[in-house]
Amino acid sequence: QLPLIGLTGGIGSGKTTVSTLLSQLGAGIVDTDLIAHQITAPHGKAIALIKKEFGPHFIDPNGALDRAKMRALVFEDPHSREILERITHPLIREETISQAWNLAKDGCAYIVFVVPLLIESKAWLELIDHLVVVDCPEEIQISRVMQRSNLTRPEVVRILNAQVSREERLSHADTILQNNGNFEELSNQVHLFHQKILDSAKGLPTSS
Ligand code: ATP
C-alpha cells in the first residue's frame with residue numbers, strides 16, 4: 001500500500017518549502033490549504049453555501065469569499081467557525097481524496113498531505129501512516145512570516161497563539177525537520193526523509 005504521509009508545522013515554519021522539495025523528488029503532494037482556497041475562490045464549491053449561511057456581504061464583488069471579513073468573524077466567534085468548517089471540511093476532504101487517487105494512479109512513490117492544522121484534527125491523525133513536522137523557533141516563524149506578508153508582529157503572534165503549541169505538535173511527530181538554518185540544511189534533511197520512506201516502502205531497514 002502507498003505510504004500516506006502527513007506534513008504539518010506552524011505558520012511560516014516551512015511546509016510549502018518542504019512540499020516543493022518533496023514534489024521535485026517524486027512525491028505526490030495534496031495541499032489542503034490550496035484546496036481550501038480553491039473552494040472559496042470565485043465559483044468555488046463552497047461559495048453558494050457560505051452565502052446562504054452567512055449572507056451575501058461575506059462574498060466579494062468577484063464572487064470569492066471575503067477572507068478578511070470571515071477571518072475577523074471566526075476569530076471572535078467559535079460558533080461561526082464551526083458553521084464555516086461544517087461547510088468547508090467535507091468539500092476539502094472530497095477533493096483531497098480525489099487528488100490522492102489521481103496521484104496514486106499516476107504512480108507516485110508516496111503521498112504527502114500538507115495540512116496546517118493536522119494536529120487539531122483526529123481524523124487526519126488516523127488517516128496517515130507517518131507524520132512529518134517542520135519545526136523552527138517561534139521567533140524565526142514570526143520574522144519569516146512578517147518578511148513574506150504585510151502582517152504586523154502582533155497579528156502574526158495572534159495567529160501563532162491560536163494554533164496548537166509547538167510542544168504538542170512535536171509530541172505527535174514521527175519525523176522532525178528542523179528549519180532553523182538555511183535552505184540547504186533543510187533540503188539535506190528532506191532528502192534523507194525521502195530515502196527513508198522509499199526504503200521503508202520496500203521493506204528495507206531504516207537508520208532511525
Ligand atoms: P504558511 O503556514 O504561512 O503557509 P509555510 O509553513 O508553508 O507557511 P513557507 O511558505 O515554506 O512556510 O516558508 C515561510 C517563508 O519563509 C517563505 O517566504 C520561505 O521562503 C521562507 N523560508 C522557509 N524556510 C527558510 C529557510 N530555511 N531559510 C530562509 N527562509 C526560509
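Cut-offs and rules
- Residues numbered from 1 in each chain as written.
- Predicted model: local features only at pLDDT ≥ 70, side-chain atom pairs only at ≥ 80, totals over all residues.
- Helix = DSSP H or I, 4+ residues; strand = E, 2+ residues; numbered from the N terminus.
- Rg over C-alpha atoms; globule rule 2.2 N^0.38 Å.
- Buried ≥ 20, exposed ≤ 12 C-beta atoms within 10 Å, placed from the backbone.
- Contact = placed C-beta atoms within 7 Å.
- Pairing = 2+ DSSP bridges.
- Axes fitted to C-alpha atoms, helices over the stretch in contact; angles between N-to-C directions.
- Parallel < 35°, antiparallel > 145°, perpendicular 65-115°, else oblique.
- Nonpolar A, V, L, I, M, F, W, Y, C, P; charged D, E, K, R; others polar.
- Near = placed C-beta within 6 Å.
- Domains from an automatic or database assignment.
- Core = buried A, V, L, I, M, F, W, Y, C linked by C-beta atoms within 7 Å.
- Arc of directions from axis to C-beta.

Across its full length, the chain holds 10 helices and five strands. In terms of C-alpha radius of gyration, the chain reaches 18 Å, essentially the compact-globule figure of 17 Å for 208 residues. A total of 208 residues make up the chain; the buried ones form 27% of that total. Considering only contacts within the chain whose residues lie at least 6 apart along the sequence, 71% involve residues at least 24 apart.

As a further point, take the sheet that holds strand β3 (residues 111-114). Pairing between the strands of a sheet comes from backbone hydrogen bonds, and it takes one of two forms, parallel or antiparallel. Taken together, the five strands give an open sheet; going across it, the order is β2-β3-β1-β4-β5, and neighbouring strands pair in parallel fashion. Of all strands in the sheet, those with a lone pairing partner are β2 (28-31) and β5 (175-178), marking the two edges. Across this sheet, the average inter-strand angle for adjacent strands is 25°, counted without regard to direction. Pairing geometry for β2 and β3, over four bridges, is parallel. When the sheet's bridge partners are listed, aspartate 31 is paired in β3 with valine 114.

The alternating pattern of β3 places Ile111 and Phe113 on one face and Val112 and Val114 on the opposite face, and all of these are buried. Here strand β1 (residues 4-8) pairs with β3 via four bridges, running parallel. Bridge pairing in β3 places isoleucine 5 opposite valine 112.

With that out of the way, let us pick up the packing of helix α4 (residues 67-76) against helix α5 (residues 78-105). The interhelical angle for the contact between α4 and α5, taken along N-to-C directions, is 125°, at an axis separation of 5 Å. As the angle between them shows, α4 and α5 are arranged oblique. Along its contact with α4, which presents Met70, Leu73 and Val74, the element α5 presents Ser80, Arg81 and Leu84. Across the contact of α4 with α5, the residue classes break down as four nonpolar, one polar and one charged.

Quick look at the site of the ligand now. As a matter of local geometry, the ligand sits amid 15 residues, with Lys15, Thr16, Thr17, Arg144 and Arg148 nearest to it. Counting residues per element, the shell around the ligand draws most heavily on helix α1 (residues 15-25), at three residues.

Glancing now at the domain arrangement of the chain. The domain boundaries assigned to the chain delineate domain 1 (1-27 + 110-199) and domain 2 (34-107). The distance between the C-alpha centroids of domain 1 and domain 2 comes to 22 Å.

Take the nonpolar core next. Ranked by internal contacts, the top residues of the largest apolar core, which has 26 residues, are Ile5, Val18, Val112 and Phe113. For this core, the secondary-structure elements that each account for two or more residues are β1, α1, β2, β3, β4 (130-135) and α10 (183-201). If we ignore the near neighbours within four places in the chain, the residues touching valine 112 are Ile5, Leu7, Ser19, Leu22, Ala27, Gly28 and Ile29. One finds Ile35, Ile59, Leu65 and Leu84 within the second-largest nonpolar core, a separate group that totals nine residues.

Turning to unusual backbone geometry, a few remarks are in order. Positive phi, close to 65°, is recorded for histidine 43, a residue that is not glycine. With 11 C-beta atoms counted inside 10 Å, the residue histidine 43 sits in the exposed group.

Attention shifts here to the environment of asparagine 188. Mapping asparagine 188 onto the fold places it in helix α10. Residues asparagine 188 and glutamate 168, 20 residues apart in the sequence, show an inter-C-alpha distance of 25 Å.

The next point concerns α1. All of the buried residues in α1 are Lys15, Val18, Ser19, Leu21 and Leu22. For α1, the arc enclosing every buried residue in end-on projection is 160°, short of the 170-degree limit, so these residues lie on one face. Turned more than 90 degrees away from the buried face of α1 sit Thr20 and Gln24, all of them exposed. Buried residues along α1 sit against β1, β2, β3, β4, β5 and α10. Two residues or fewer after α1 comes glycine 26, characterised by a positive phi angle close to 110°.

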